[in-house]
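Each chain is listed here by its residues.
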Amino acid sequence: MSEITYESIKDNDAFKNIPILTLDERWYHLITEKVKTDEIRYWEKEVNELLKKQGQVNNDIKELKKLKQQLIQEVVDNMEDDDNSDKKKKNMNQSQRLIQEAKDKIAALEDESLDIPRELARANQKLVVETLKVCYDRLNTNKEDIQVLDKWINATRVKLKKNILIKQDKEAVNEKVYSYMHDIFGADACTELDRINENNENNGNNMNN
């Protein structure tokens, strides 16, 4: 089987809408701690850190927009005030400076927020690749074991059938022998002979033990 690589799936339409693996509870059942490779642990951490970063950036943008709106409102309120003191002008200048800083930070964060989905998609695809490697390694190993077990089962089944026939044949012979003995020697004699034979068998088993 061809090796599964990032290059082989990154442009494949079948993998375009794969969900973020670390957000899917089923992934943790598929890839338990016991089977995680170093590569899986690395990309799992990368995906989770990017998710955390994405959430933080979105939250920062939201908070900065809220702050910018408050500052703009303060400027509007000050403009409506008849106070022309230096303190008012200083406050106005400071508010405008803070508004501009907020705009710059928002723009930078929005640019960053556009890059994160691409980075996240790439990290998730890397995690997909490493996950599939583990899955197919397990599937292929199990397939080989199943083939070996099938051969053993089939061989055992043939041997079992043969031994069943041998057993049935020996039981039929014993029944025939005992029938002739019963007819020739009589029931009482056969009963006594069975008792003697069983005692001999028991003594032989005791000696072997």
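Residues numbered from 1 in each chain as written. Predicted model: local features only at pLDDT ≥ 70, side-chain atom pairs only at ≥ 80, totals over all residues. Heavy atoms only, no water.

Draft legend 1. Seen up close, the overall build of the chain. Along the chain, the regular secondary structure elements total five helices and zero strands. Mapped in sequence order, the helices and strands of the chain form the string α-α-α-α-α. Taken over the C-alpha trace, the chain has a radius of gyration of 42 Å; the compact-globule value for 209 residues is 17 Å, which it surpasses by more than 25%. By principal-axis analysis of the C-alpha atoms, the chain measures approximately 140 × 35 × 30 Å. Across the 209 residues of the chain, 20% fall into the buried class. Taking the contacts inside the chain whose residues are at least 6 apart along the sequence as the reference set, 79% of them involve residues at least 24 apart. (Helix = DSSP H or I, 4+ residues; strand = E, 2+ residues; numbered from the N terminus. Rg over C-alpha atoms; globule rule 2.2 N^0.38 Å. Buried < 20%, exposed > 50% of the residue type's maximum accessible area, 1.4 Å probe, protein only. Contact = heavy atoms within 4.5 Å.)

Draft legend 2. Expanded view of the nonpolar core. Ranked by size, the top nonpolar core spans 19 residues in total, and within it W27, I31, I40, V47, L120 and L127 carry the most contacts. Breaking this core down by element, the ones donating at least two residues are α1 (6–9), α3 (38–80) and α4 (86–185). Take this core: its biggest share by element is seven residues, from α4. In terms of nonpolar packing, the next biggest core, distinct from the first, is built from six residues, I61, L64, I106 and I116 among them. (Core = buried A, V, L, I, M, F, W, Y, C linked by side-chain atoms within 4.5 Å.)

Draft legend 3. Quick peek at the pattern of salt bridges. Here the structure, examined in full by the defined rule, presents eleven salt bridges. Salt-bridge contacts for E112 lead to K53; the nearest nitrogen and oxygen are separated by 3.3 Å. Of this pair, E112 sits in helix α4 while K53 is found in helix α3, placing the two residues 59 residues apart along the sequence. With a shortest N-O distance of 2.8 Å, K167 and E171 are connected by a salt bridge. Here E171 and K167 lie together in helix α4, a separation of four residues that amounts to about one turn. Each of E33, K36, R41 and E44 takes part in a single network of salt bridges with overlapping partners. (Salt bridge = Lys/Arg side-chain N within 4 Å of Asp/Glu carboxyl O.)

Draft legend 4. Structural detail: the packing of aromatic side chains. Applying the stated rule across the entire model yields two aromatic pairs. Residues Y42 and W43 carry aromatic rings whose centres are separated by 4.9 Å and whose planes lie at 85 degrees to one another, so their mutual orientation is edge-to-face. Judged by relative accessible area, which is 15%, W43 ranks as buried. (Phe/Tyr/Trp six-rings, centres within 6.5 Å; stacked < 30°, edge-to-face > 60°.)

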